[in-house]
Amino acid sequence: MTPPSGDSTRITVGAGSFADASAALRLIERIIHDLRPNLGGILVEETTSLAVCDLPNQRLVSPSGQVVLAPTRAQIAALLEADARAFRQSLAKLADRAGAPWTFQRGAGDLIQMSLDTGAASDIVIFAHRNIHPVAGKIVLLSSSTATQSDVAAMSRMLAQRTSASHMMMAVDDSGETRKGPGAAHPDHFATLQKALSQLARMNAQAVLVDLSRGPVQSAEQLRSLIDVARCPVFAFGMASVTRALAHTTHIPPSPARDGQ
């Protein structure tokens, strides 16, 4: 894979917890020595989660199925402090092993929008999500065409190789039909992004890669839908060419023409 142009590959990891961040950092660790990395991390305290704490006697269903009282703001603050410390330390260790510069910050608000804002100048923004399957899943490339020669496609194949995972390409085209390729080297074709996301929701993926400057993701709502159904770290490329528009508008501006592509 050819690293993005410039002095370094700028990678921003946005996470709502250390458990989510650690899954993304483990993937980065597999490929970091093939890049010239400049790492950034942001831990986002989501306002929707805090709202639950303000409701008296609010009860939640735990991952084990138990009904428990919602944590207080003080408990949430203590958990976030511990998560921030662990996230920062893990990011620093990873950067140190690669000889890479790094930054870390905290924020409050919407995870997706804050990650987009923070990573507006990044080559890759990773929306972190903890692993929910006991068995590592596929590395999925979500593309707007059947083209397989690009930096994003090359990174997805490299990540699959380094994690000993199956590689799958999901291509959204305008053929008007959904058809399946005969193997990993041939993508599954989908007539619409919604059909592709419906298939992705039924899969076990450990990472999804998408180029925002090329599609098929063309709005903030579509990006949110992708992150919701993927249930794994989502690597978003093309931020430099779409600027900050994705975080605040419904349409991604077209990317500049690229030589030979």
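As the structure is a prediction and not an experimental result, all values here were calculated from the model.

S.K.: What is the right way to read the packing of helix H1 (residues 18-31) against helix H5 (residues 151-162) from this model?
M.R.: Working note: a packed helix pair is described by the angle between its axes plus the distance between those axes. The geometry of H1 relative to H5 is characterised by a closest axis approach of 9 Å and an angle of 100 degrees between their N-to-C directions. Between H1 and H5, the angle is such that the two are roughly perpendicular. In this structure, H1 uses Leu-27, Arg-30 and Ile-31 to contact H5, whose residues at the interface are Met-155, Met-158, Leu-159 and Arg-162. Its residues assigned to classes, the contact of H1 with H5 comprises 5 nonpolar, no polar and 2 charged.

S.K.: What should I look at first to understand the pairing of strand S1 (residues 9-15) in this one?
M.R.: The side chains of a regular strand alternate, residue by residue, between the two faces of the sheet. Within S1, 6 of the 7 residues are buried, leaving the element largely enclosed by the surrounding structure. Note on the crossover from S1 through H1 to strand S2 (residues 37-46): the handedness is right-handed. Bridge analysis of S1 against strand S6 (residues 124-127) gives 4 bridges, and the strand direction is parallel. For Gly-14, the partnering residue across the bridge sits in S6 and is Phe-127.

S.K.: Is there a simple way to explain helix H6 (residues 193-201) in this structure?
M.R.: Every α-helical turn comprises 3.6 residues, leaving residues that sit three or four positions apart pointing alike. Regarding H6, the residues found buried are Leu-193, Ala-196, Leu-197 and Leu-200. The buried residues of H6 occupy an angular sector of 95 degrees when the element is viewed end-on, so they sit on one face. Looking at the packing, one finds that the buried side of H6 touches strand S7 (138-143), strand S8 (167-172), strand S9 (188-190), strand S10 (205-211) and helix H7 (220-230).

S.K.: How should the confidence of the model for the chain be read in this particular structure?
M.R.: Segments scoring low in pLDDT should not have their predicted coordinates read at a detailed level. Looking at the chain as a whole, the pLDDT averages 81, with 72% of positions reaching at least 70. pLDDT under 50 marks residues 1-5. Its contacts with residues more than four places away, or in other chains, come to 12 contacts. A low-confidence stretch, residues 250-261 stays under pLDDT 50, and its non-local contacts, those more than four residues away or across chains, total 19 contacts.

S.K.: Got a minute to help me understand the environment of Ser-143 in this structure?
M.R.: Residue position: Ser-143 is located in strand S7. Separated by 29 residues in the primary sequence, Ser-143 and Val-172 place their C-alpha atoms 6.3 Å from one another. Residue contacts for Ser-143: discarding those within four places in its chain leaves Met-169, Met-170, Ala-171, Val-172, Gly-215 and Pro-216.

S.K.: Could you clarify how one ought to interpret the environment of His-189 in this entry?
M.R.: Tracing the backbone shows His-189 in strand S9. With 18 residues separating them along the chain, His-189 and Ala-171 place their C-alpha atoms 4.8 Å apart.

S.K.: Whenever I open this one, the nonpolar core confuses me. Can you help?
M.R.: Side chains that are nonpolar tend, in soluble globular proteins, to be buried together. In this structure, Val-13, Ile-28, Leu-39, Ile-126, Leu-159, Leu-209 and Phe-235 are the most contacted members of the largest nonpolar core, which totals 38 residues. Per-element accounting of this core gives the leading share, 7 residues, to helix H3 (residues 73-98). With near-sequence residues (within four places) excluded, Leu-209 lies in contact with Ile-139, Val-140, Leu-141, Leu-142, Val-152, Met-155, Ser-156, Leu-159, Phe-235 and Phe-237. Ranked by size, the runner-up nonpolar core spans 28 residues in total, among them Ile-112, Ala-196, Ala-205 and Leu-212.

Procedures and definitions
- Residues numbered from 1 in each chain as written.
- Predicted model: local features only at pLDDT ≥ 70, side-chain atom pairs only at ≥ 80, totals over all residues.
- Heavy atoms only, no water.
- Axes fitted to C-alpha atoms, helices over the stretch in contact; angles between N-to-C directions.
- Helix = DSSP H or I, 4+ residues; strand = E, 2+ residues; numbered from the N terminus.
- Parallel < 35°, antiparallel > 145°, perpendicular 65-115°, else oblique.
- Contact = heavy atoms within 4.5 Å.
- Nonpolar A, V, L, I, M, F, W, Y, C, P; charged D, E, K, R; others polar.
- Buried < 20%, exposed > 50% of the residue type's maximum accessible area, 1.4 Å probe, protein only.
- Right-handed = clockwise from strand over helix to strand, strands pointing away.
- Pairing = 2+ DSSP bridges.
- Arc of directions from axis to C-beta.
- pLDDT = per-residue confidence, 0-100.
- Core = buried A, V, L, I, M, F, W, Y, C linked by side-chain atoms within 4.5 Å.

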